[in-house]
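Close look at the chain arrangement
The primary structure of each chain is shown beneath.
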Amino acid sequence: MATLQQIRKAVEKHGGTLTDSSAGRYKVFHADLPPGKCWYANGLHVLTMEWRAGEPEYRKESLEDILERIGYGVGTCGDDECEWCHPVEEAAQ
Ligand SMILES: [Zn+2]
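A short note on the overall build of the chain
Secondary structure assignment for the chain yields two helices and five strands. Secondary structure elements of the chain, listed N to C terminal, follow the sequence α-β-β-β-β-α-β. Projecting the C-alpha coordinates of the chain onto the three principal axes gives extents of approximately 45 × 30 × 20 Å. Counting across all 93 residues of the chain, residues that qualify as buried make up 18%.

Written out as structure tokens, the structure is:
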């Protein structure tokens, strides 16, 4: 069974960070990658998992799902206009 600590380690192995954005019973975690890298699983820089407190089955599924997606690995972001890697300055808009 996947644990939060296991997921955090897997994310950090790729140079990313696992951020807890939970609000009350609504649990949300983001696995962020540094600029220039993206998850193969979705081609984005962030993977998200969420569940509601008191739903252990849903929590278990979310943890296993994100661990599997992290396992697909990390690629390079080749998008020159990607806002994550190349933040647009407010003044330039
Ligand atoms: Zn990017």
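What follows picks up the thread again.
Regarding the environment of D79
Structurally, the position occupied by D79 is in the segment after β5 (74–76). Taking the C-alpha atoms as reference points, D79 and G36, separated by 43 residues in sequence, lie 9.0 Å from one another.

Here's the deal with helix α2 (residues 56–71)
Taking 1.5 Å per residue as the helical rise, α2 with its 16 residues ought to reach 22 Å, and the 22 Å between its terminal C-alpha atoms agrees with that figure. Considered for burial, the residues of α2 that qualify are S62, I66 and I70. The buried side chains of α2 occupy one side of the element, clustering within an arc of 65 degrees when seen end-on. Away from the buried face of α2 by more than 90 degrees, exposed residues P56, E57, E68 and G71 are located.

Side note on the pairing of strand β1 (residues 17–20)
In terms of strand pairing, β1 meets strand β2 (residues 26–32) through four bridges, oriented antiparallel. In the strand pairing of β2, T17 is matched with D32.

What to know about the environment of C85
In this fold, C85 is placed in the segment after β5. Along the sequence, C85 and P35 sit 50 residues apart, while their C-alpha atoms lie 4.5 Å from each other. Each residue touching C85, except ones within four places of it in the same chain, is listed here: P35, G36 and C77.

Notes on the packing of helix α1 (residues 4–13) against α2
It is at 10 Å that the axes of α1 and α2 come closest, and there the two elements cross at 20 degrees. Here α1 lies roughly parallel to α2, going by the angle between them. When you trace α1 past α2, the crossing you get is left-handed. Every residue of α2 that contacts α1 at Q6, I7, A10 and V11 is listed here: L63, I66, L67 and I70. Split by residue class, the contact of α1 with α2 holds seven nonpolar, one polar and no charged.

Definitions and cut-offs
- Residues numbered from 1 in each chain as written.
- Predicted model: local features only at pLDDT ≥ 70, side-chain atom pairs only at ≥ 80, totals over all residues.
- Helix = DSSP H or I, 4+ residues; strand = E, 2+ residues; numbered from the N terminus.
- Buried ≥ 20, exposed ≤ 12 C-beta atoms within 10 Å, placed from the backbone.
- Expected span 1.5 Å × (residues − 1).
- Arc of directions from axis to C-beta.
- Pairing = 2+ DSSP bridges.
- Contact = placed C-beta atoms within 7 Å.
- Axes fitted to C-alpha atoms, helices over the stretch in contact; angles between N-to-C directions.
- Parallel < 35°, antiparallel > 145°, perpendicular 65-115°, else oblique.
- Left-handed = near helix turned anticlockwise from the far one by under 90°.
- Nonpolar A, V, L, I, M, F, W, Y, C, P; charged D, E, K, R; others polar.

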